[in-house]
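# Inside the fold
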2 protein chains.
Amino acid sequence: MTPPPARAGDPIEAIATPALVIDLDALERNIARMAAFAREYGLRLRPHAKTHKSAQIARLQLAAGAVGVCVQKVSEAEALAAQGIADLYISNEVIAEDRVARVAALAGRVRLAIAVDSALGIDRLARAVQAAGSTIDVFVEVDVGQGRCGVAPAGAGSLARRVVSHAGLRFAGLQAYHGGAQHIRSSTEREAAIRRAVAAAAAARAAVTSAGIACPLVTGAGSGSFAFESASGVHGELQPGSYIFLDCDYAANEAAPNAPAFEHALFVLCRVMSRGASHAVVDAGHKSHAIDSGPPAVWRRDLDYANGGDEHGILLARGGNVDALPALDEIVWLVPGHCDPTVNLHDHYVCLRGGLDQGVVEAVWPVDARGCVS
Amino acid sequence: MTPPPARAGDPIEAIATPALVIDLDALERNIARMAAFAREYGLRLRPHAKTHKSAQIARLQLAAGAVGVCVQKVSEAEALAAQGIADLYISNEVIAEDRVARVAALAGRVRLAIAVDSALGIDRLARAVQAAGSTIDVFVEVDVGQGRCGVAPAGAGSLARRVVSHAGLRFAGLQAYHGGAQHIRSSTEREAAIRRAVAAAAAARAAVTSAGIACPLVTGAGSGSFAFESASGVHGELQPGSYIFLDCDYAANEAAPNAPAFEHALFVLCRVMSRGASHAVVDAGHKSHAIDSGPPAVWRRDLDYANGGDEHGILLARGGNVDALPALDEIVWLVPGHCDPTVNLHDHYVCLRGGLDQGVVEAVWPVDARGCVS
């Protein structure tokens, strides 16, 4: 693990750049806003920890009323469980025998749920929990429009039947998440995509009840779409992740009318390491922030960030106003294009209290599940 | 740090996916080929460790004749020095006071060099090494066409004079690397870009000698361009990094006539976790491999990899031949689009001996400098 880029009590100037920085005030407001929204709609909130990979942030979410957290990988669940997070849902399929055995073992230590979309996956899981003497909640994943994982709605009934046929597997309901719809910019078009996704989830639920099985819960929804699933009457649980940080990609969405407003709470602090006549070079490239959803934005300056490779970023002044360029050694705040894979590059969060201008480092938190891809 | 995905002696099937895997036979051949090339041209070889971030691979390169390795960041240098690599060149500017102090401290423990492109950088470095009682080799970086860091050729003389004015700083020569030219596909066009870069380096060298200072070395060149710098008579040292692994982006270059052929030696091993009628979903998304230079290629199968997000990849059969799709739980090898940031996502290399079909895990190496961005 890399050395921490700062210590509690440090001023901003003392943070070793580039560093992943949380504006704690903004983070806490974001967490409270989503929790209030879920309460208002009478829905369970199970935020997705794939975004933050942090037991400390999970604890803040749980303290605000979340019923547990989602993760995407077995090793993420293990890393958070090791830090005391006791209610976890792997909202993803696990097929490999070694990983299924780890799932079954973990289910003996925490309240665990998992998604399935195949007979093979269900049967392997059943054998593993039997061998481990554990039990697990199982959600059948439905493809509600993304074309990635999940069965067609009509196939949900037979998979649910297969789940309930096994001792040790508790049928918990349906996983219905449309990842592909999260970044449709237009609120109207996004709502239309989610309306189709909700209809698919409802059809899957009907297939399950037609098979004579009660469907306790439909779970899903992300930071781009939760306002629509919430109003649907079908989803009973929300899984948003990115709302805690609000990256550039989500900020570019036209907000849903009933959605609370979130604030940027995650930044990459960088520093000018080289200056040309018409550009500045900062010490943060795409080993410091993910660029799969576009480059980072420069926070509150009239500057654009151009890709400078793995270790460099090139700052250009808008309209050729070179006086706006930062000086050598000046610090610059970047807002990541996509928060989840940006977090996954760093071992630590530097947590700032009091804002980006005058703030002080209140804590440094580990990214507990960084690199947990298996 | 994440748990190792395999143990020595494991068969391929036992590797926890997704995992970063080295074909050791191919790696060793690539290292030997570049070493032989540098010997043939009578040039120093100082491979770039920003690619591999591994002391073990650096040792293999040194054993094959490399004079030392380059790194891009202070924390990378510290991580490799901690593992016994004793000749390191930070081929990049360092300005922040805290980092300059660490550079000066490290220079007291290993043979260290660094690049500069500003008076401020030189003066801070001089004060720091004086305070630490250390000495350091200093290369003046010249902008040879990339428009990122470095001074114009005419400015190299005055910076060199500034370097030699300080006790503790040894003027070591010029850093002349054209990152932007490495992936020009056409060999002819790439050669033309490097011809201009070499001319700029030669002009900078003339500016240094005109200032009454001997220029001991011009260092630079990457895996896409080294064959051209080698033939130039100006560069005395080569800094290629990616040749050890050969990613898709470099493989797409038209090779230079005099360059040795390299082989793919770095792979992401993944596994099918979900199957649809016309696609397969693998457990590796862009938290497992970088996509800044395009998606990974599927190794020796008639399949295309489509982006499935952070944790998923979608495999599609070319020409709609769905019989070519892998089955649920089948393993699949991916060749990363860009090796450097892919390596930076993983804590371990799984090192395979005997090829991708029948190989056995010979060792698991740590990615010592993973995440070392500061």
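About the criteria used
- Residues numbered from 1 in each chain as written.
- Chains lettered and ligands numbered in written order.
- Predicted model: local features only at pLDDT ≥ 70, side-chain atom pairs only at ≥ 80, totals over all residues.
- Axes fitted to C-alpha atoms, helices over the stretch in contact; angles between N-to-C directions.
- Helix = DSSP H or I, 4+ residues; strand = E, 2+ residues; numbered from the N terminus.
- Parallel < 35°, antiparallel > 145°, perpendicular 65-115°, else oblique.
- Left-handed = near helix turned anticlockwise from the far one by under 90°.
- Contact = placed C-beta atoms within 7 Å.
- Pairing = 2+ DSSP bridges.
- Nonpolar A, V, L, I, M, F, W, Y, C, P; charged D, E, K, R; others polar.
- Buried ≥ 20, exposed ≤ 12 C-beta atoms within 10 Å, placed from the backbone.
- Right-handed = clockwise from strand over helix to strand, strands pointing away.
- Least-squares fit on C-alpha atoms with pLDDT ≥ 70 in both.

## Considerations on the packing of helix H3 (residues 74–82) of chain B against helix H4 (residues 97–107) of chain B
All names here are of chain B. Two numbers describe how H3 lies on H4: the axes approach to 10 Å, and their chain directions differ by 30 degrees. The pairing of H3 with H4 is recorded here as roughly parallel in orientation. Considering how the two elements wind past one another, H3 and H4 form a crossing that is left-handed. Here H3 contributes Val74, Ala77, Glu78 and Ala81 to the contact with H4, which in turn contributes Arg99, Arg102, Val103 and Leu106.

## Some words on the sheet that holds strand S6 (residues 136–141) of chain B
All names here are of chain B. Within the open sheet, the 8 strands sit side by side as S2-S9-S8-S7-S6-S5-S4-S3. Their pairing is parallel. With partners counted over all chains shown, the strands left at the sheet margins are strand S2 (44–45) and strand S3 (69–71), one partner each. For strand S7 (residues 169–175) and strand S8 (residues 218–220), the ladder comprises 2 bridges, and the chain directions are parallel. Within S8, the residue paired with Leu174 across the bridge is Val218.

## Quick word on the interface of chain B and chain A
Taken residue by residue, the interface counts 49 residues in chain B and 49 residues in chain A. Counting only elements with at least two residues in the side of chain B that touches chain A, the list comes to H4, strand S10 (266–275) and helix H10 (339–343) of chain B. The element contributing the most residues to the side of chain B that touches chain A is S10(B), with 3 residues. For the side of chain B that touches chain A, the residue count by class is 17 nonpolar, 17 polar and 15 charged.

## Thoughts on the sheet that holds strand S3 (residues 69–71) of chain A
Residues and elements named next belong to chain A. One open sheet holds the 8 strands; their spatial order is S2-S9-S8-S7-S6-S5-S4-S3, and the pairing between them is parallel. Of all strands in the sheet, those with a lone pairing partner are strand S2 (44–45) and S3, marking the two edges. One ladder, built from 2 bridges, connects S2 with strand S9 (residues 237–238); its direction is parallel. Across the sheet, Leu45 pairs through a bridge with Leu238, a residue of S9.

## Details of the pairing of S6(B)
Residues and elements named next belong to chain B. Of all the 6 residues making up S6, 5 are buried; the element is thus mostly covered by neighbouring parts of the structure. Handedness of the β-α-β unit built from strand S5 (residues 111–116), helix H5 (residues 119–132) and S6 comes out right-handed. In this structure, S6 lies alongside S7, joined through 6 bridges in parallel fashion. Counterpart to Ile136 in the pairing with S7 is Leu169. The parallel pair S6 and S7 is bridged by helix H6 (residues 156–164), and the resulting crossover is right-handed.

## Looking at unusual backbone geometry
Pro18(A) follows Thr17(A) through a cis peptide bond whose omega is -10 degrees. Residues other than glycine seldom take positive phi values, yet Lys53(A) does so here, at roughly 55 degrees. Checked against the element boundaries, Lys53(A) lands in the loop between S2 and helix H2 (55–63). Of note in this structure, Arg300(B) is not a glycine but carries a positive phi near 55 degrees. Positionally, Arg300(B) belongs in the loop between strand S12 (297–298) and strand S13 (303–307). Under the C-beta neighbour-count criterion, Arg300(B) is labelled exposed, with 10 such atoms within 10 Å.

## Points about helix H3 (residues 74–82) of chain A
Residues and elements named next belong to chain A. Within H3, 7 of the 9 residues are buried, which leaves it mostly tucked inside the rest of the structure. For H3, the set of buried residues is Val74, Ser75, Glu76, Ala77, Glu78, Ala79 and Leu80. Positive backbone phi, at 100 degrees, marks Gly84, one or two positions downstream of H3.

## Re the packing of helix H6 (residues 156–164) of chain A against helix H7 (residues 187–210) of chain A
All names here are of chain A. At a closest axis distance of 7 Å, the pairing of H6 and H7 adopts a crossing angle of 50 degrees. Comparing the axis directions of H6 and H7 gives the class oblique. The way H6 lies across H7 gives a crossing that is right-handed. For the pair formed by H6 and H7, the contact residues are Ala156, Gly157 and Ala160 on the first element and Ala204, Ala207, Val208 and Ser210 on the second. Among the residues forming the contact of H6 with H7, the class breakdown is 5 nonpolar, 2 polar and no charged.

## Focus: the relation of the copies chain B and chain A
The transform that puts chain B on chain A rotates by 180 degrees and translates by 0.0 Å along the axis, for an RMSD of 0.0 Å. This pairing of chains is accounted for by a two-fold axis.

## A closer look at the environment of Ala49(B)
All names here are of chain B. Residue position: Ala49 is located in the loop between S2 and helix H2 (55–63). Note on Ala49: 30 C-beta atoms within 10 Å, which makes it buried. Sequence-wise, Ala49 and Gly241 are 192 residues apart; in three dimensions their C-alpha atoms are separated by 6.4 Å. When neighbours within four sequence positions are excluded, Ala49 is seen to be in contact with Ala58, Val69, Cys70, Val71, Glu76 and Leu80.

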